[in-house]
Amino acid sequence: QVQLVESGGGMVQPGGSLRLSCVASGSSSSISAMGWYRQAPGKTRALVALITSGGSTTYADSVKGRFTISGDNAKNTVALEMSNLKPEDTAVYYCRAVRNGYNYWGQGTQVTVHS
């Protein structure tokens, strides 16, 4: 089992910045990828950004140039730097880890972009 704990959500005005962090514990060795997904009210959960253990990254088109994902394999952490936030970025953000073909999810952290 892998446990994921997210932190860093909150409320920010449009154009502002936030940093999300996620730490994996438990059987966290051999994690092959970690990432962030988000779910807005009435919408399905969708990829925001993903980073593999080798450092390859994938971003949703809507966040390219504004969000940056980074990971630390030794510490089993992943962070998401979000800048130039827009109201449409408002959602619950979930951390995901992939280990031995299994997906693990955090509880989620709310990000609200509101003027």
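Right above here is the structure, for reference.
Computed from a predicted structure; not experimentally measured.

Novice: What is the right way to look at the sheet that holds strand 8 (residues 77-82) in this model?
Specialist: If you trace the four strands from one edge of the open sheet to the other, you get 1-3-8-7, paired in antiparallel fashion. Of all strands in the sheet, those with a lone pairing partner are strand 1 (2-7) and strand 7 (67-72), marking the two edges. Going from strand to strand, the sheet's axes swing by 15 degrees on average, the running direction of each strand aside. Across six bridges, the pairing between strand 1 and strand 3 (residues 18-26) is antiparallel. In the strand pairing of strand 3, Val2 is matched with Gly26.

Novice: Is there a simple way to think about unusual backbone geometry in this case?
Specialist: Trans is the prevailing form of peptide bonds, just as negative phi is the prevailing case for residues other than glycine. One non-glycine residue with positive phi stands out, namely Asn76, at about 55 degrees. By secondary structure assignment, the location of Asn76 is in the loop between strand 7 and strand 8. By relative accessible area, which is 17% here, Asn76 ends up buried. A positive phi angle, near 50 degrees, is found at Asn100, a position not held by glycine. For Asn100, the location among the structural elements is in the loop between strand 9 (91-99) and strand 10 (102-105). The class for Asn100 is exposed, based on a relative accessible area of 53%.

Novice: Explain the state of the cysteines here, please?
Specialist: As used here, a disulfide is simply a covalent bond connecting the sulfur atoms of two cysteines. Under the defined criterion, the tally for this structure stands at one disulfide. Bridging Cys22 to Cys95, the disulfide has an S-S length of 2.1 Å. With the S-S dihedral at roughly -85 degrees, the linkage between Cys22 and Cys95 falls on the left-handed side. In this pair, Cys22 sits in strand 3 while Cys95 sits in strand 9, placing the two residues 73 residues apart along the sequence. Overall, the relative accessible area of 3% leaves Cys22 in the buried class.

Novice: For this particular structure, what's the right way to read the side chain of Arg99?
Specialist: Tracing the sequence through the fold places Arg99 in strand 9. Despite its burial, Arg99 remains without a salt bridge, the nearest opposite charge being carried by Asp72 at 16 Å. Apart from the residues lying within four places of it in its own chain, the contact partners of Arg99 are Val2, Ser27, Ser29, Ser30, Ile31 and Tyr104.

Novice: So what exactly am I meant to see when it comes to the nonpolar core here?
Specialist: Taken as a class, soluble globular proteins show a tendency for nonpolar side chains to be buried jointly. Core analysis: the biggest nonpolar cluster contains 28 residues, and Leu4, Met34, Trp36, Leu80, Met82 and Tyr93 have the highest contact counts within it. Of all elements in the fold, only strand 1, strand 3, strand 4 (31-39), strand 5 (46-52), strand 7, strand 8, strand 9 and strand 11 (109-113) reach the threshold of two or more residues within this core.

Thresholds applied
Residues numbered from 1 in each chain as written. Predicted model: local features only at pLDDT ≥ 70, side-chain atom pairs only at ≥ 80, totals over all residues. Heavy atoms only, no water. Pairing = 2+ DSSP bridges. Helix = DSSP H or I, 4+ residues; strand = E, 2+ residues; numbered from the N terminus. Axes fitted to C-alpha atoms, helices over the stretch in contact; angles between N-to-C directions. Buried < 20%, exposed > 50% of the residue type's maximum accessible area, 1.4 Å probe, protein only. Disulfide = S-S within 2.5 Å. Lys, Arg positive; Asp, Glu negative; His and termini not counted. Salt bridge = Lys/Arg side-chain N within 4 Å of Asp/Glu carboxyl O. Contact = heavy atoms within 4.5 Å. Core = buried A, V, L, I, M, F, W, Y, C linked by side-chain atoms within 4.5 Å.

That is the geometry; function is a separate question.
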